[in-house]
Amino acid sequence: MGGTITTLIFDLDGVIVDTAKYHFKAWKKLANSLGIDFSEEENEQLKGVSRRGSIDKILTWGNLELTEERIEELMHQKNQWYLEYMGNMDASEILPGVVSILNQAKAKKMKIALGSASKNAPLILDKVNLTHYFDAIIDGNVVTTSKPDPEVFVKGAEDTQSKAEECIVFEDSLAGVEAAINGKMIAVGIGHPQTLKQAHLNLQGFDQIDLEKDILEKI
Ligand code: BG6
Ligand code: MG
C-alpha cells in the first residue's frame with residue numbers, strides 16, 4: 001500500500017491481553033442460565049461487539065424477548081462474572097510480543113492509540129501496567145456505536161492528530177477488521193487468518209514480530 005504510517009491503533013481484548021476467553025466464558029454462563037447455548041464459532045460474532053450488542057445477539061439466538069430492565073440486570077451479571085474471571089490479572093497476561101511492538105513503535109516515534117469496545121478497558125490497561133504507552137484511549141465509555149462502525153478508530157485517529165490512511169489497526173475480531181476497513185485504515189488481523197480474511201495482513205500474534213520487516217514493509 002506504501003504510504004507513511006504514523007499511528008498504530010490497537011484493539012484490547014484478544015490483541016493486547018487474552019481477555020477474549022473471559023468474555024466468552026462469562027457470556028456462555030449467562031446464556032446457559034437462560035437456556036441458550038452457543039459455540040466457539042458463534043462466539044466469533046460476539047468478539048469486538050459492545051456489551052449491549054452482544055446480549056442482543058444472544059437473545060436473538062435464543063429467540064427470547066425480555067424487558068429493558070431484565071436486559072440491564074443480565075448485562076450487569078455478565079460483567080460481574082467477567083470481572084471475577086479477570087480479577088487476578090497482571091502483566092503476565094499480556095500476549096507475547098505486545099510489549100516489544102509497543103517499544104518498537106515508541107522507538108520510531110509513532111503514535112499509539114487504543115480502540116476498544118470495552119468499558120473495562122482503562123481498568124485492564126492499568127492492571128497490566130500498559131497505560132503509559134498510549135497517546136489516546138478510546139473505549140466503550142466514549143463511543144456511541146459498535147464495531148463494525150469505524151467510530152472507535154476514527155476517534156483514535158482524531159485524538160492522535162492522524163489521517164485515516166496513516167493508521168494501522170490491529171484486531172482479532174471480524175467486526176473490528178470491518179470497522180478498520182470502513183474507516184479507510186489498514187487492518188491487520190491477529191489470530192485466525194480464515195475468520196479475518198478481509199484484513200490487509202494477517203499475523204498469528206506479535207511474538208517475534210519485527211514492526212518494520214514483518215508489518216510496515218508488508219502493507
Ligand atoms: C470487546 C470484546 O473488546 O469489548 C467483547 O471483544 C466485549 O467481547 C466488548 O463484549 C465490551 O466489553 P465490556 O468490558 O464493556 O463488557
Ligand atoms: Mg478484540
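Preceding this section is the structure that the text describes.
Values in this document were obtained by computation on a predicted structure and should not be read as measured data.

Analysis parameters
Residues numbered from 1 in each chain as written. Chains lettered and ligands numbered in written order. Predicted model: local features only at pLDDT ≥ 70, side-chain atom pairs only at ≥ 80, totals over all residues. Heavy atoms only, no water. Near = heavy atom within 4 Å. Polar contact = N/O pair within 3.5 Å; in protein donor to acceptor, adjacent residues only side chain to side chain. Areas by Shrake-Rupley, 256 points an atom, 1.4 Å probe, with all protein chains shown as cover. 1 Å grid on protein atoms, 1.4 Å probe; cavity = no way out; pocket = protein on both sides within 12 Å on 5 of 7 lines; lining within 4 Å. Sits in = over half its atoms within 2 Å of the grid points. Nonpolar A, V, L, I, M, F, W, Y, C, P; charged D, E, K, R; others polar. Points joined across faces, edges and corners; volume = space filled by probe spheres on them. Helix = DSSP H or I, 4+ residues; strand = E, 2+ residues; numbered from the N terminus. Domains from an automatic or database assignment. Axes fitted to C-alpha atoms, helices over the stretch in contact; angles between N-to-C directions. Parallel < 35°, antiparallel > 145°, perpendicular 65-115°, else oblique. Left-handed = near helix turned anticlockwise from the far one by under 90°. Contact = heavy atoms within 4.5 Å.

Undergrad: Which parts of the structure should I look at to understand the site of ligand 1?
TA: Near ligand 1 lie 15 residues; those nearest to it are Asp13, Arg51, Ser118, Lys119 and Asn120. Note that an oxygen atom of ligand 1 is positioned 2.8 Å from one of the backbone N or O atoms of glycine 48. Within the backbone of lysine 119, one N or O atom sits 2.6 Å away from an oxygen atom of ligand 1. Relative to its unbound accessible surface of 390 Å², ligand 1 loses 97% to contact with the protein. More than half of the atoms of ligand 1 fall within 2 Å of the grid points belonging to the largest pocket. A per-class count over the shell around ligand 1 returns 4 nonpolar, 6 polar and 5 charged.

Undergrad: How do you make sense of the layout of surface pockets when you look at a structure like this?
TA: Rolled over the atoms, a probe as big as a water molecule pinpoints where empty space is left. When its volume is computed, the largest pocket comes out at roughly 560 Å³. Together, 35 residues line the largest pocket, and Val49, Ser50, Arg51, Ala117 and Ser118 are the ones closest to its centre. Within the residue set of the lining of the largest pocket, elements represented by two or more residues are α1 (20-33), α3 (51-61), α4 (68-85) and α7 (151-159). Considered class by class, the residues forming the lining of the largest pocket number 9 nonpolar, 14 polar and 12 charged. Counting residues domain by domain, the lining of the largest pocket receives three or more from each of domain 1 (7-18 + 91-218) and domain 2 (20-85). Space inside the second largest pocket adds up to approximately 480 Å³. As for the second largest pocket, its lining consists of 21 residues, of which Asp18, Ala20, Lys47, Asp172 and His192 are closest to the centre.

Undergrad: Which parts of the structure should I look at to understand the packing of α1 against α3?
TA: Geometrically, a packed helix pair is captured by the angle between its two axes and the distance between the axes. In the contact formed by α1 and α3, the axes pass within 11 Å of each other and the chain directions differ by 40 degrees. Between α1 and α3, the angle is such that the two are oblique. Crossing angle aside, the handedness with which α1 passes α3 is right-handed. Taken together, the residues of α3 that come into contact with α1 (itself represented by Trp27, Leu30 and Ala31) are Arg51, Ser54, Ile55 and Ile58.

None of the figures reported here should be taken as evidence of function without further support.
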